[in-house]
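Structural overview for review
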Amino acid sequence: MSFWEFVSDRWSRLLSESLLHVSAVVQCTILAAIVGVTVGIAVYRSPFGSAVATALTSAILTIPSFALLGLLIPVLGLGAPPTVAALVLYGLLPIVRNTIVGLAGVDGAVTDAARGIGMNRLGVLTRIELRLAWPAILAGMRVATQMLMGIAAIAAYARGPGLGVEIFAGLTRAGSANATNQAIAGTVGIVVLALILDGIFVLIGRYTTSRGLRGQ
């Protein structure tokens, strides 16, 4: 059976696994953004706090995916919980780092002017600083999404959802009929989905960032 015949024959299953893969990555990126932006807001004014937050989230990326899932499975069991926990942890670094860089890069004269017209600290943060830092934060989310698209394939090790199931099944059955097609279908599917999500982030950036900020 050729590759395209294999894809056609298993199209409904591949489509279902693709939707589960995208759903897991998008939801985990959103969770990582909530946590990462909150951490970035908490530490960006402190050089020491920023260094600690960056170092800790960087350290997480040094843990191999299999090892992290292996540590999480005894605590969270199999399936979605360890998958979500691992993906959120891996997605933190680019979001935390870009939030810190974006907020720290806001011109002090702009925030001083905002305070001068009576805006309180929360107002300056939400209406001025976060808006100006948004392109950097969005770039961090974009990088995190691309990272998690690949890492999510390893979630099949913990019986997580997504196209990693096809890759692992194909590798496990190496040498048998359609094993290569199965592994390639899962791999190509992840690449295609990553490109689609990247394009969506480009559109989000275009429609949520003012023209002046895009030009910087």
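Residues numbered from 1 in each chain as written. Predicted model: local features only at pLDDT ≥ 70, side-chain atom pairs only at ≥ 80, totals over all residues. Heavy atoms only, no water.

**Some points on the UniProt feature "transmembrane region" (unreviewed entry) in the protein chain**
Within this numbering scheme, the UniProt entry marks residues 20-44, 51-75, 87-111, 132-158 and 183-204 as carrying the feature "transmembrane region" (unreviewed entry). Annotated as residues 132-158, this span is 74% helix and 0% strand, and its ends, taken at the C-alpha atoms, are 40 Å apart. (UniProt positions renumbered as here; feature names shortened; annotations may be inferred. Helix = DSSP H or I, 4+ residues; strand = E, 2+ residues; numbered from the N terminus.)

**Remarks on the packing of aromatic side chains**
Under the defined criterion, the tally for this structure stands at 3 aromatic pairs. With 5.1 Å between their ring centres and 70 degrees between their planes, Phe3 and Trp4 make a pair best called edge-to-face. A relative accessible area of 19% means that Phe3 is categorised as buried. Look at Trp4 and you get exposed, because its relative accessible area is 68%. In textbook terms, an aromatic cluster arises when at least three aromatic residues are bridged by ring pairs, as seen for Phe66, Tyr157 and Phe168. (Phe/Tyr/Trp six-rings, centres within 6.5 Å; stacked < 30°, edge-to-face > 60°. Buried < 20%, exposed > 50% of the residue type's maximum accessible area, 1.4 Å probe, protein only.)

**Observations regarding the UniProt feature "domain: ABC transmembrane type-1" (unreviewed entry) in the protein chain**
In the UniProt entry, the feature "domain: ABC transmembrane type-1" (unreviewed entry) is given for residues 18-201. In this annotation, residues 18-201 is assigned 82% helix and 0% strand; the end-to-end C-alpha distance for the span is 18 Å.

**Some points on the pattern of salt bridges**
Counted under the stated rule, the structure contains 7 salt bridges. Measuring nitrogen to oxygen at the nearest pair gives 3.0 Å for the salt bridge that ties Glu166 to Arg13. Of this pair, Glu166 sits in helix α8 (residues 164-172) while Arg13 sits in helix α2 (residues 11-43), and the two are 153 residues apart along the sequence. In this structure Glu166 comes out as buried when scored by relative accessible area, which is 0%. In this structure, Arg45 engages Glu129 in a salt bridge whose closest nitrogen and oxygen atoms are separated by 3.6 Å. Of this pair, Arg45 sits in the loop between α2 and α3 (47-61) while Glu129 sits in helix α7 (residues 121-151), and the two are 84 residues apart along the sequence. Relative accessible area serves as the criterion here: at 51%, Arg45 is assigned to the exposed category. Linked by salt bridges that have partners in common, Arg10, Arg13, Glu17 and Glu166 make up one network. (Salt bridge = Lys/Arg side-chain N within 4 Å of Asp/Glu carboxyl O.)

**Side note on the nonpolar core**
Counting residues in each nonpolar core, the largest one holds 47 residues, and the members touching the most others are Tyr90, Ile95, Leu148 and Met149. At the level of elements, α1 (3-9), α2, α3, α4 (65-76), α5 (80-104), α7 and α9 (179-208) are the ones that each hand at least two residues to this core. Those residues in contact with Tyr90 that lie beyond four places of it in its chain are Ile60, Leu61, Ile63, Pro64, Ser65, Leu68, Met147, Leu148 and Ile151. (Core = buried A, V, L, I, M, F, W, Y, C linked by side-chain atoms within 4.5 Å. Contact = heavy atoms within 4.5 Å.)

**Examining α7**
With 31 residues, α7 ought to run about 45 Å at 1.5 Å a step, yet its terminal C-alpha atoms sit only 38 Å apart, falling short of that. At Trp134, α7 is deflected by roughly 50 degrees, the largest bend along its length, and proline Pro135 occurs up to four residues later in sequence. One side-chain oxygen of the residue at the start of α7 lies 3.3 Å from the amide nitrogen of Leu122, identifying that residue as Asn120. (Expected span 1.5 Å × (residues − 1). Bend = angle between axes of the 7 residues up to and from the residue. Polar contact = N/O pair within 3.5 Å; in protein donor to acceptor, adjacent residues only side chain to side chain.)

**Thoughts on the packing of helix α6 (residues 108-116) against α7**
Taken N-terminus to C-terminus, the directions of α6 and α7 make an angle of 160 degrees; their axes are 11 Å apart at the nearest point. The orientation of α6 relative to α7 falls into the category roughly antiparallel. In the packing of α6 onto α7, the handedness of the crossing is right-handed. Residues Val110, Thr111, Ala114 and Arg115 of α6 pack against Val124, Ile128, Glu129 and Leu132 of α7. Across the contact of α6 with α7, the residue classes break down as 5 nonpolar, 1 polar and 2 charged. (Axes fitted to C-alpha atoms, helices over the stretch in contact; angles between N-to-C directions. Parallel < 35°, antiparallel > 145°, perpendicular 65-115°, else oblique. Left-handed = near helix turned anticlockwise from the far one by under 90°. Nonpolar A, V, L, I, M, F, W, Y, C, P; charged D, E, K, R; others polar.)

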